[in-house]
Amino acid sequence: MREKRNTGNRGQAIQVIFPMLLFLVFVLCALFTVLIGGQVYENLNRRSEENFDGSVALQYVANKVRQGDRSGGVRVMQMPGTDGTDIPVLEIGSGLEEGNYVTWIYYYDGNICELFTDPADGLGLADGLPILECGGFSVSQSEDGKLLTLETAGEGGGRLSLSLRSEAGTCLNIHSGASDSGMTEAGGDGDE
């Protein structure tokens, strides 16, 4: 009979220990789920922030191009920077009757910058307003002037190609001292 009493005590111990172990396993699973979920959330936030710079910059410039997409209204120029290298500048004509105002969008000093000006006023690239901090920004235009390619560099960088709906604009390379006006044409104006 003693053997039966010992078996009964073991059964009661197992009935107490098993639910405790089961609860411990449940708590550990819940803890690991929360820790893994927190790590996933941090990774998603980091990727979202990285993509923000590239996608917002590209969409902003794309909307500006769409607003100014008229015959000869969009073109890419090369302007001399402060260090002597050429900086690609996207020039978008305003279409205002009061003057020859243009919007320049370019990468300068770690930022994508925008300058709304009359080119005759003599304002330079250093006078533009920073739009967005970015690891790099470049813009290029196809030889026929119908395709515009925008590219951001750095984390979350991207590339966007826009097909201009209007007639092709001109591609200009601006070099200091290249000619009397400082401009040399590299493409057609779409009227050929």
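Residues numbered from 1 in each chain as written. Predicted model: local features only at pLDDT ≥ 70, side-chain atom pairs only at ≥ 80, totals over all residues. Heavy atoms only, no water.

1. Here we look at the overall build of the protein
Here's step 1: Within the protein, the regular secondary structure consists of 1 helix and 10 strands.
Here's step 2: A fraction of 39% describes how many contacts in the protein between residues 6 or more apart in sequence connect residues 24 or more apart.
Here's step 3: For the protein, the exposed area adds up to about 12,600 Å²; of that, 54% sits on carbon and sulfur atoms. (Helix = DSSP H or I, 4+ residues; strand = E, 2+ residues; numbered from the N terminus. Contact = heavy atoms within 4.5 Å. Areas by Shrake-Rupley, 256 points an atom, 1.4 Å probe, with all protein chains shown as cover.)

2. Structural notes on the environment of Ala 153
Here's step 1: Looking at the element boundaries, Ala 153 is found in the loop between strand 7 (147-152) and strand 8 (159-163).
Here's step 2: Taking the C-alpha atoms as reference points, Ala 153 and Ser 138, separated by 15 residues in sequence, lie 8.3 Å from one another.
Here's step 3: Setting aside residues no more than four positions away along its own chain, Ala 153 makes contact with Cys 134, Gly 135 and Gly 136.

3. Quick word on the side chain of Asn 111
Here's step 1: Its location among the elements puts Asn 111 in strand 4 (residues 111-117).
Here's step 2: Owing to a relative accessible area of 19%, Asn 111 belongs among the buried residues under this scheme.
Here's step 3: Residues in contact with Asn 111, not counting those within four places in the same chain, are Tyr 106, Pro 130, Leu 132, Glu 133 and Cys 134. (Buried < 20%, exposed > 50% of the residue type's maximum accessible area, 1.4 Å probe, protein only.)

4. Digging into unusual backbone geometry
Here's step 1: Of note, the phi angle at Asp 109 is positive, near 55°, even though the residue is not glycine.
Here's step 2: In this fold, Asp 109 is placed in the loop between strand 3 (102-108) and strand 4.

5. A word on the sheet that holds strand 7
In a beta sheet, neighbouring strands are held together by backbone hydrogen bonds and run either parallel or antiparallel to one another.
Here's step 1: Strand order in this open sheet of 3 strands is 6-7-8, and the pairing throughout is antiparallel. Edge positions in the sheet fall to strand 6 (137-141) and strand 8, since each has one partner strand and no second. Neighbouring strand axes in the sheet, compared pairwise and without regard to direction, differ in orientation by 15° on average.
Here's step 2: Pairing of strand 7 with strand 8, which is carried by 5 bridges, proceeds in the antiparallel orientation. Directly across from Leu 150, in strand 8, lies its bridge partner Leu 160. (Pairing = 2+ DSSP bridges. Axes fitted to C-alpha atoms, helices over the stretch in contact; angles between N-to-C directions.)

6. Concerning the pairing of strand 7
Here's step 1: Alignment of strand 6 against strand 7, held across 5 bridges, turns out to be antiparallel. Bridging across to strand 7, Phe 137 finds its partner in Thr 152.
Here's step 2: Hairpin connection between strand 6 and strand 7: a loop of 5 residues separates the two successive antiparallel strands, and Gly 145 in this loop has a positive phi of roughly 80°.
Here's step 3: Following strand 7, the chain reverses through 6 residues before pairing antiparallel with strand 8; Gly 154 in that reversal takes a positive phi of roughly 90°.

7. Re a nonpolar patch on the surface
Here's step 1: Together, Val 16, Ile 17, Met 20, Leu 21, Leu 24, Leu 28, Leu 31, Phe 32, Leu 35, Ile 36, Val 40 and Leu 44 make up an exposed nonpolar region whose accessible area comes to about 1,200 Å².
Here's step 2: Residue position: Leu 31 is located in helix 1 (residues 2-67). (Patch = residues over 30% accessible without salt bridge, like charges linked within 9 Å, V, L, I, M, F, W, Y side chains within 5 Å. Salt bridge = Lys/Arg side-chain N within 4 Å of Asp/Glu carboxyl O.)

8. A word on the packing of aromatic side chains
Here's step 1: Enumeration over the complete set of coordinates arrives at 2 aromatic pairs.
Here's step 2: Ring geometry for Tyr 101 against Phe 116: centres 5.6 Å apart, planes inclined by 15°, an arrangement best described as stacked. Taken together, the residues Tyr 101 in the loop between strand 2 (86-93) and strand 3 and Phe 116 in strand 4 connect sequence positions 15 residues apart. (Phe/Tyr/Trp six-rings, centres within 6.5 Å; stacked < 30°, edge-to-face > 60°.)

9. Focus: the confidence of the model for the protein
Here's step 1: Considering every residue of the protein, the mean pLDDT works out to 77; 81% of them sit at 70 or more.
Here's step 2: Across residues 169-192, confidence stays below pLDDT 50; counting only partners more than four residues off in sequence or on other chains, it has 49 contacts. (pLDDT = per-residue confidence, 0-100.)

10. Here we look at the nonpolar core
Here's step 1: If you look at the biggest cluster of nonpolar residues, it comprises 19 residues, and the most contacted ones within it are Val 65, Leu 90, Leu 148 and Leu 150.
Here's step 2: The contacts of Leu 150, once residues within four sequence positions are left out, are Leu 58, Val 61, Ala 62, Phe 137, Ser 138, Val 139, Gly 158, Arg 159, Leu 160 and Leu 162.
Here's step 3: Residues Met 77, Trp 104, Cys 113 and Leu 125 belong to the second largest nonpolar core, which totals 11 residues. (Core = buried A, V, L, I, M, F, W, Y, C linked by side-chain atoms within 4.5 Å.)

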